[in-house]
Structure formats: structure tokens, C-alpha cells
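Structural description and commentary
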Amino acid sequence: EVQLVESRGGLVQAGGSLRLSCAVSGLPFDDYAIGWFRQAPGKDREGVSCISNTDGSTYYADSVKGRFTISSDKAKNTVYLQMNSLKPEDTAVYYCAADRLRIWGTRPLRCDPEVYDYWGQGTQVTVSS
């Protein structure tokens, strides 16, 4: 069974930091991209940051460049999102998700929610002003 389990959500003050983790099981981790997505009330789900476990490629949304860092620990099958200099606009439910890149060949990294197949339960991040 494929499972993605997020942790480390919470309430933080503007300017603060938070690290989210996504523990993945039930799939060949090295063949997948793992992405972080977020959804605020009334808004579409958007890609925040994604990483390819096939070649290490990363993607960051313009709104988080320089503030967020994604990393993958293959020994633990876990992906992290380090969030620094948090802003109230970062408030959302954050989800991690998996997209298989290596099947017959290898596909390029994308960070669009519609291409991701497996999803975690989501975790609330609230940034107060």
C-alpha cells in the first residue's frame, strides 16, 4: 500500500521557520518525484516545491524561492520542506505527493498537481502576523 505521511505542521509567527516532512512507503522511492503542494481556502492547489529522485532536479515556485528548501533523504524514504522567513500568505494546507518518473524510460520533473498520483493527508500551516 502506498502511503505518504506529512508531519511538522503548526502555527508560527511571521518571520519564523518550520520544517515539514513527508515519509513515503509502498513505492520505489528512487523512481519518483516528490512534491509539496498547498491549498488556501478559495484558491487552487499550487505546486510549492518538487524534487526528482531520479536526477536530483528541483523546482520552486517564484513565491518561495530563497525562503524554502526541498531535500530528499533516500535512506529514510523521506522528503523535507524547510520553510524560512514565513509570511501570512504561506498559510495553507500543505500536501506531499508522488509522481513516477522512471517506468519504461525517465520522464522530466513537473510540479503540477494534476500529474501527481499519490497524495498525503495534508497538514495545516498557519502563519500569524
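All figures in this text were calculated on a predicted structure; none of them were measured in a lab.

Let's shift gears to the sheet that holds strand S7 (residues 68–73). Within the open sheet, the four strands sit side by side as S1-S3-S8-S7. Their pairing is antiparallel. Each edge of the open sheet carries a strand with a single partner, namely strand S1 (3–7) and S7. In this sheet, neighbouring strand axes are inclined to one another by 15° on average, regardless of whether the strands run parallel or antiparallel. As defined by bridge partners, strand S3 (residues 18–25) adjoins strand S8 (residues 78–83) across six bridges and the pair is classed as antiparallel. Across the sheet, Cys22 pairs through a bridge with Val79, a residue of S8.

The next subject is the pattern of salt bridges. Per the counting criterion, the structure on display carries seven salt bridges. Between Arg100 and Asp31 there is a salt bridge, and its shortest N-O distance comes to 3.4 Å. Placement of Arg100 in strand S9 (residues 92–100) and of Asp31 in the loop between S3 and strand S4 (32–39) is noted, with a sequence separation of 69 residues between them. Judged by relative accessible area, Arg100 falls into the partly exposed class, the value being 29%. A salt bridge links Asp112 to Arg110; its shortest N-O distance comes to 3.0 Å. Since its relative accessible area comes to 28%, Asp112 is described here as partly exposed. Overall, Arg110 belongs to the partly exposed group, its relative accessible area being 40%.

Within the structure shown, the criterion is met by two disulfides. Two residues share a disulfide in this structure: Cys50 and Cys111, whose sulfurs sit 1.9 Å from each other. Between Cys50 and Cys111 the disulfide shows an S-S torsion of about 70°. By sign, it is right-handed. Within this pair, whereas Cys50 is found in strand S5 (residues 46–52), its partner Cys111 is found in the loop between S9 and strand S10 (118–119), the two being separated by 61 residues in sequence. Residues Cys50 and Cys111 agree in their burial class; the two are buried. Counting only the cysteines that take part in disulfides, in the order they occur along the protein, gives the pairing 1-3, 2-4.

This part is about the side chain of Ser52. With respect to the helices, strands and loops of the structure, Ser52 is situated in strand S5. For Ser52, a relative accessible area of 2% puts it in the buried group. One polar contact links Ser52 to Thr54, side chain to side chain, over a distance of 2.7 Å. At 3.2 Å, the side chain of Ser52 and the side chain of Asp55 are in polar contact. Beyond its immediate stretch of four places on either side in the chain, Ser52 contacts Tyr32, Ala33, Ser57, Leu101 and Leu109.

What counts, and where the lines are drawn
Residues numbered from 1 in each chain as written. Predicted model: local features only at pLDDT ≥ 70, side-chain atom pairs only at ≥ 80, totals over all residues. Heavy atoms only, no water. Pairing = 2+ DSSP bridges. Helix = DSSP H or I, 4+ residues; strand = E, 2+ residues; numbered from the N terminus. Axes fitted to C-alpha atoms, helices over the stretch in contact; angles between N-to-C directions. Salt bridge = Lys/Arg side-chain N within 4 Å of Asp/Glu carboxyl O. Buried < 20%, exposed > 50% of the residue type's maximum accessible area, 1.4 Å probe, protein only. Disulfide = S-S within 2.5 Å. Polar contact = N/O pair within 3.5 Å; in protein donor to acceptor, adjacent residues only side chain to side chain. Contact = heavy atoms within 4.5 Å.

Scope: geometric values only; no functional claims are made or implied.
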